[in-house]
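Secondary and tertiary structure notes
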Amino acid sequence: MSSSVQDAVVASRARCDAGDLISAIELLEPHRGDTEADLQAAAVLTTSVFFEGTDPAAVDAAVTDHGDHPRSLDLKGLARYYAEMTHGSRELSPALSLCLLASRGDFESPCWRADNRFHLGLIQQAMGSHDLAVMYLEEAATVDGCPHTRAFATRHLGMDAELRGDRDGARLLLAESLALRRRHGIDLYLPFSLIACAELSDDPEAAQAMLGEAVTVARSLGLTRPLALSLFHRARATGDHEVLAEARALAERIGHEHLIGAIDELRV
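In this report, we go over the structure that sits alongside the text. Only a predicted model underlies this, so the values are computations on that prediction, with no experimental measurement involved.

Reading the values: rules and limits
- Residues numbered from 1 in each chain as written.
- Predicted model: local features only at pLDDT ≥ 70, side-chain atom pairs only at ≥ 80, totals over all residues.
- Heavy atoms only, no water.
- Buried < 20%, exposed > 50% of the residue type's maximum accessible area, 1.4 Å probe, protein only.
- Helix = DSSP H or I, 4+ residues; strand = E, 2+ residues; numbered from the N terminus.
- Contact = heavy atoms within 4.5 Å.
- Disulfide = S-S within 2.5 Å.
- Salt bridge = Lys/Arg side-chain N within 4 Å of Asp/Glu carboxyl O.
- Phe/Tyr/Trp six-rings, centres within 6.5 Å; stacked < 30°, edge-to-face > 60°.

1. As for helix α11 (residues 190-199)
The element α11 is largely enclosed, with a buried count of nine among its 10 residues. Of all the positions in α11, only Leu190, Pro191, Phe192, Ser193, Leu194, Ile195, Ala196, Cys197 and Ala198 are classed as buried. Next to the buried residues of α11 lie α3 (35-52), α9 (147-163), α10 (167-183), α12 (204-221) and α13 (224-238).

2. Quick notes on the state of the cysteines
By the definition in use, this model includes one disulfide. Across the disulfide, cysteine 111 is cross-linked to cysteine 146 (sulfur-sulfur distance 2.0 Å). With the S-S dihedral at roughly -95 degrees, the linkage between cysteine 111 and cysteine 146 falls on the left-handed side. Taken together, the positions of cysteine 111 in helix α7 (residues 110-126) and cysteine 146 in the loop between α8 (130-141) and α9 put the pair 35 residues apart, joining distant regions of the chain. Relative accessible area serves as the criterion here: at 4%, cysteine 146 is assigned to the buried category. Summary of cysteine pairing: cysteine 16 is not part of a disulfide, and the nearest cysteine sulfur, belonging to cysteine 111, is at 15 Å.

3. Details of the pattern of salt bridges
In the structure shown here, the tally under the stated rule is 15 salt bridges. For arginine 164, the salt bridge identified is with aspartate 160, shortest N-O distance 2.7 Å. Among the residues examined, arginine 164 registers a relative accessible area of 57% and is labelled exposed. Aspartate 160 gets classed as buried once you look at its relative accessible area, which sits at 2%.

4. Brief notes about the packing of aromatic side chains
What the rule picks out here adds up to 10 aromatic pairs. The interplanar angle of 90 degrees and the centroid separation of 5.1 Å between the aromatic rings of phenylalanine 50 and phenylalanine 51 together place this pair among those described as edge-to-face. Each member of the pair, phenylalanine 50 together with phenylalanine 51, is buried. Pairing phenylalanine 50 with tyrosine 189 gives two aromatic rings, centres 6.5 Å apart and planes at 25 degrees, and the pair type is stacked. Placement of the pair is phenylalanine 50 in helix α3 and tyrosine 189 in the loop between α10 and α11, with a sequence separation of 139 residues. One aromatic cluster is present, built from ring pairs that chain together Phe50, Phe51, Tyr81, Tyr82, Phe118, Phe152, Tyr189 and Phe192.

In structure tokens, the structure reads:
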């Protein structure tokens, strides 16, 4: 990879972390056709599937020339997972198959392999296969030099601990994920960590402060999903119907069926 491509990829990752998905893609445009640049573009577009409900076909298009690359297969699987979890049908077998196929390949980067293990854990967790999920998530969380992946995996291990009734363990894991995201400037996912920590806090004032910060950060990002979710949790804590209405309008924008359902249950 040439130095100019490497610089563009690094800059794109930083812009993505900051929540500027448009700039993250634009930085890569002069380098279309380069494998690393195209894979980074696919990563940004996959993020857009999650945050804005965009069509996962855009991810496929970004890696047309790299279809059998394990990173390409992994991102296509993740994009399909995000789309299914957003729009309600939740048929996750195709997403899992792509990520499993990717896992058999030779990843050039240890962080790409760690990402793949996280994605497998994420999907298995959503499918209810918790033992398999924990195995994959723990593997992803222990790869050195991959703080983004560790933050993701640790958060989902915290979610698993909560499901098993281990609230103290869940708090520790979720706090670790939040700390990693703050330390490494991963603003894009801060609202999700703040919400998770607030939900398990025994201190009402601290919980309110975290939910308020989640809304503030989400507004600064200008992306739909984190703001919708932050507003929903804020409204649930405060009973503010105007905030809840804004959350629903945003959820409708990206077709987030699960969140729309949760909001409607709260409004009854």
